[in-house]
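Architecture and fold: a report
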Amino acid sequence: MEEQTRIASDSKTSRRDFLDLLLGATILGWLASIAYPVIRYLKPLPQSGTTGPTRLTREETAKLEQNKFVIVPVSGQRVIVLQSQDQKLLAFSAKCTHEGCTVSYLPGQSIIWCPCHDGRYDLNGRVLSGPPPQPLPEYAVQRQPDGGIVISEGRA
Ligand code: FES
């Protein structure tokens, strides 16, 4: 009889422990669901993309050679790297100064072109025609001794 009472008591204790644990986990989860968005709001995640000079990957270099231009991220910004007809490497912000569309390069016409409203820039980044109000900011391009291509902020 005494043995059965002890077993029943142990069973009650373990059920109570389990319910306490479940309640604790629920409260912890509830607090985390409130705290996480507040912390994210107060301390936003760093901007994606690397900062500082960016070396083109093999795939990006292959794309540049094939299409004569490639869009790459540099310090979180879109940058167009292009190869002019005289094989010169140039880099500009790929964000059109009109409404921010991504520009591309038309090698046959030697212009940087924005497809959104037909904005056209020359290979110095200056506006040739269309609505863009300002030239494209230029980036520095360096070809490394090993053939790699490095893009960094600032003029060439
Ligand atoms: S967004 Fe480029 S021309 Fe309008």
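Preceding block: the structure.
The structure reproduced in this document is the subject of the present report. From a predicted model like this one, the values you see are computed outputs, not experimental measurements.

1. Things to note about the overall build of the chain
Helix and strand counts for the chain stand at two helices and 10 strands. Counting helices and strands in the order they occur from the N terminus, the chain gives α-β-α-β-β-β-β-β-β-β-β-β. Taken over 156 residues, the chain has a buried fraction of 17%. Look at the contacts in the chain between residues 6 or more apart in sequence, and 38% of them connect residues 24 or more apart.

2. As for the pairing of strand β10 (residues 149-152)
Burial along β10 is one-sided: Ile149 and Ile151 are buried, and none of Val150 and Ser152, which face the opposite way, are. In textbook terms, the turn of a hairpin is the stretch between consecutive antiparallel strands, and for strand β9 (residues 138-143) and β10 this stretch comprises five residues, one of which, Gly147, has a positive phi near 95°.

3. A few points about the sheet that holds strand β5 (residues 104-106)
Strand order in the open sheet made by the four strands is β5-β6-β7-β8, with antiparallel pairing throughout. Only two strands of the sheet have a single partner each, and these edge strands are β5 and β8 (127-129). Each strand of the sheet is rotated relative to its neighbour by a mean of 40°, with strand direction disregarded. Sheet analysis places strand β7 (residues 119-121) next to β8, joined by two bridges and oriented antiparallel. The residue of β8 that forms the bridge with Tyr121 is Val127.

4. Notes on the nonpolar core
Across soluble globular proteins, you tend to see nonpolar side chains buried next to one another. Counting residues in each nonpolar core, the largest one holds 22 residues, and the members touching the most others are Val79, Ile80, Val81, Ala91 and Ile151. Broken down by secondary-structure element, the contributors of at least two residues to this core are β2 (69-74), β3 (77-83), β4 (89-93), β6 (111-114), β9 and β10. Apart from the residues lying within four places of it in its own chain, the contact partners of Ile151 are Pro53, Thr54, Val72, Val74, Val79, Val81, Ala91, Tyr139 and Val141.

5. As for the pairing of β4
As judged from the five bridges shared by β3 and β4, these two strands associate in the antiparallel manner. What sits directly across from Gln83, in β4, is Leu89. The antiparallel hairpin formed by β3 and β4 contains five residues in its connecting segment, where Gln87 sits at a positive phi of about 70°. In the sheet, β4 pairs with β9 via two bridges, with the strands oriented antiparallel. Counterpart to Phe92 in the pairing with β9 is Glu138.

6. Topic: the environment of Pro132
Relative to the helices and strands, Pro132 is located in the loop between β8 and β9. Under the C-beta neighbour-count criterion, Pro132 is labelled buried, with 23 such atoms within 10 Å. C-alpha of Pro132 to C-alpha of Arg120: the two residues are 12 residues apart in sequence and 8.0 Å apart in space. In this structure Pro132 touches Cys96, Thr97, His98, Cys114, Gly119 and Val127, once residues within four positions along its chain are discounted.

7. Concerning helix α2 (residues 58-67)
Of all 10 residues in α2, zero are buried, a share of ten percent or less. Lys68 sits one or two positions beyond α2 and adopts a positive phi of about 70°.

Rules behind the numbers
Residues numbered from 1 in each chain as written. Predicted model: local features only at pLDDT ≥ 70, side-chain atom pairs only at ≥ 80, totals over all residues. Helix = DSSP H or I, 4+ residues; strand = E, 2+ residues; numbered from the N terminus. Buried ≥ 20, exposed ≤ 12 C-beta atoms within 10 Å, placed from the backbone. Contact = placed C-beta atoms within 7 Å. Pairing = 2+ DSSP bridges. Axes fitted to C-alpha atoms, helices over the stretch in contact; angles between N-to-C directions. Core = buried A, V, L, I, M, F, W, Y, C linked by C-beta atoms within 7 Å.

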